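# Descriptive structure summary
So the chains spell out like this:
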Amino acid sequence: MRKQSGWGWDEVNKCIVCPEGSWDEFEKKHKSCRGLNKKRFPVYDDLAPVFCKGRASGEHGVDTNVVDA
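Residues numbered from 1 in each chain as written. Predicted model: local features only at pLDDT ≥ 70, side-chain atom pairs only at ≥ 80, totals over all residues. Heavy atoms only, no water.

### Some remarks on the nonpolar core
The test is simple: Only buried residues count toward a nonpolar core. Its members are Ala, Val, Leu, Ile, Met, Phe, Trp, Tyr and Cys residues joined through side-chain atoms within 4.5 Å. Exposure categories follow from relative accessible area, calculated using a 1.4 Å probe and restricted to protein chains: below 20% of the type maximum is buried, above 50% is exposed, and the middle band is partly exposed. By the convention used here, residues are in contact when the closest approach between their heavy atoms is within 4.5 Å.
Listed in full, the six residues of the largest apolar core are Trp 7, Trp 9, Ile 16, Trp 23, Phe 26 and Cys 33. When neighbours within four sequence positions are excluded, Ile 16 is seen to be in contact with Met 1, Arg 2, Trp 7, Gly 8 and Trp 9.

### Focus on the pattern of salt bridges
A pair can form between side chains of opposite charge whenever their charged atoms are brought close. Worth spelling out the cut-off: The term salt bridge refers to a pairing of a side-chain nitrogen on Lys or Arg with a carboxyl oxygen on Asp or Glu at a separation within 4 Å. For the purposes of this entry, the term helix denotes a DSSP run of H or I that reaches at least four residues, the term strand denotes a run of E that reaches at least two, and both are numbered from the N terminus.
Enumeration over the complete set of coordinates arrives at three salt bridges. A salt bridge links Glu 11 to Lys 14; the shortest N-O distance between them is 2.8 Å. Accessibility expressed as a relative area gives 47% for Glu 11, which makes it partly exposed. Classification of Lys 14 by relative accessible area gives buried; the value is 17%. Close ionic contact of Glu 25 with Lys 28 constitutes a salt bridge, the shortest N to O distance being 3.2 Å. Here Lys 28 and Glu 25 lie together in helix α1 (residues 22–29), a separation of three residues that amounts to about one turn. Among the ionic contacts, a cluster of salt bridges with common partners joins Glu 11, Lys 14 and Asp 45.

### Some remarks on the packing of aromatic side chains
Note the following rule: Stacked, edge-to-face and tilted are the three classes for Phe, Tyr and Trp ring pairs, Trp counted by its six-membered ring, which pair at centre distances within 6.5 Å; planes under 30 degrees apart are stacked, over 60 edge-to-face, the rest tilted.
Applying the stated criterion across every chain, the model contains four aromatic pairs. Taken together, a centroid distance of 5.1 Å and an interplanar angle of 55 degrees make the contact between Trp 7 and Phe 26 tilted. Note that Trp 7 is positioned in the segment before β1 (8–10) and Phe 26 in helix α1, a separation of 19 residues in sequence. Each of the two residues, Trp 7 as well as Phe 26, counts as buried. Both rings, one in Trp 9 and one in Tyr 44, keep their centres 5.1 Å apart while their planes meet at 40 degrees; by these two values the pair is tilted. With Trp 9 in strand β1 and Tyr 44 in helix α2 (residues 44–51), this pair connects stretches of sequence that are 35 residues apart.

Here's what the structure looks like:
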């Protein structure tokens, strides 16, 4: 959702921001996203390395974007 044209991320409130009316159009195409408008995702930055497309896959996959703690 964050990559939709014209959409952004509110770092303070940890939620997606989008132009007026564009959320309704998005929900029509992506029904599973209903109710997420203005929903806070406070741990997004912590979970993104695990769930985003750039994650490693396969038995021996290594994600080079994750920094060891």
